[in-house]
Amino acid sequence: MINFIVCDDEKEFRKKITMVIDKMFMKNSIEYKVHEFGVYNKEFEEFIKNDMSSKIYILDIEMKNSISGIDIARQIRKNDWNSIIIMVTSHTELGYEALKAQIMLLDFISKFDECEKNVERILKRAVAKVDSKKVIQFQSSGITHRLYLDDILYITKDTVDRKCIIKTTYNEFAVNKTMNEMIEELGPTFYLSHRSCLINTEKIKTVNWKDSIIYFDTGESIDLLARDKKKGLKEYVNMG
């Protein structure tokens, strides 16, 4: 999933950005969500700390009753150099100042110079950067989905319907694939912790070896860890 975080004190402008994003993704199979903020606050601060993947920030440089977009970007970059940041401004000279601030901006947009057209152009660049990450594609209920691998926590086998259930950081999906097909498609970062469970080792936070419980960095857990699979999993955990 791609998370778009729009922070601007003008509600109408936030709506405009959201409409551009919705239009872009109308025919796109990638899951996305838009998060709107009118001010930098505790909720925004917690959002920055959240380890969700694929975040694209769109920040207004000048906001009333709030720190500037540049200062917000500095807060983001304290621990996160992977998320994409785009600035918007009513004063072009401030955009050039933002580019010099060493906060690794993708670009800036003027609110008065073909704004919607430029937002769409720059967001296409941002999404292309995100899309360079590995994905899995499948159909479910007639809909084509494309999931980023780093959004997947684990996959379990539904023995009743003979499907695989993909559990992501934000949803779950039933897929008409066998576990062996999933193993071949997902690659070496996924480990078969149980005959009916394939886990994303890069999302593991810790493991309770005694009780055979795997904890993920989202706070979720699963108890599908077979005794004969512990040694192999320890190699992944120790590598991390």
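Source: prediction; values computed, not measured.

Participant: What is the right way to read the sheet that holds strand 15 (residues 221-222) from this model?
Facilitator: Consider a sheet: its strands pair through backbone hydrogen bonds, and that pairing is either parallel or antiparallel. In space, the three strands of this open sheet follow the order 13-14-15, with antiparallel pairing throughout. Looking at which strands have only one partner, the edges of the open sheet turn out to be strand 13 (204-208) and strand 15. Inspection of the sheet shows strand 13 paired to strand 14 (residues 213-216) by four bridges, in the antiparallel sense. Looking across to strand 14, one finds that Ile-204 is bridged to Phe-216.

Participant: Would you explain the packing of aromatic side chains in this entry?
Facilitator: Note on aromatic pairs: each is described by the distance of the centres and the angle between the planes. Summed over the entire model, instances satisfying the criterion amount to 11 aromatic pairs. With a centroid separation of 6.4 Å and an interplanar angle of 75°, the aromatic rings of Phe-4 and Tyr-32 are classed as edge-to-face. Placement of Phe-4 in strand 1 (residues 2-7) and of Tyr-32 in strand 2 (residues 32-37) is noted, with a sequence separation of 28 residues between them. Aromatic pair Phe-37 and Phe-44: ring centres 4.6 Å apart, planes at 55°, arrangement tilted. Per residue, the accessibility class of Phe-37 equals that of Phe-44, and both read buried. Three or more aromatic residues joined by ring pairs form one cluster here, namely Phe-37, Tyr-40, Phe-44, Phe-47 and Tyr-57. Directly above the aromatic system of Phe-13 lies the positively charged group of Lys-111, at a separation of 4.6 Å from the ring centroid. For Lys-234, the ring lying beneath its charged end belongs to Trp-209, and the centroid distance is 5.2 Å.

Criteria and cut-off values
Residues numbered from 1 in each chain as written. Predicted model: local features only at pLDDT ≥ 70, side-chain atom pairs only at ≥ 80, totals over all residues. Heavy atoms only, no water. Pairing = 2+ DSSP bridges. Helix = DSSP H or I, 4+ residues; strand = E, 2+ residues; numbered from the N terminus. Phe/Tyr/Trp six-rings, centres within 6.5 Å; stacked < 30°, edge-to-face > 60°. Buried < 20%, exposed > 50% of the residue type's maximum accessible area, 1.4 Å probe, protein only. Lys NZ or Arg CZ within 6 Å of the ring centre and 35° of its normal.

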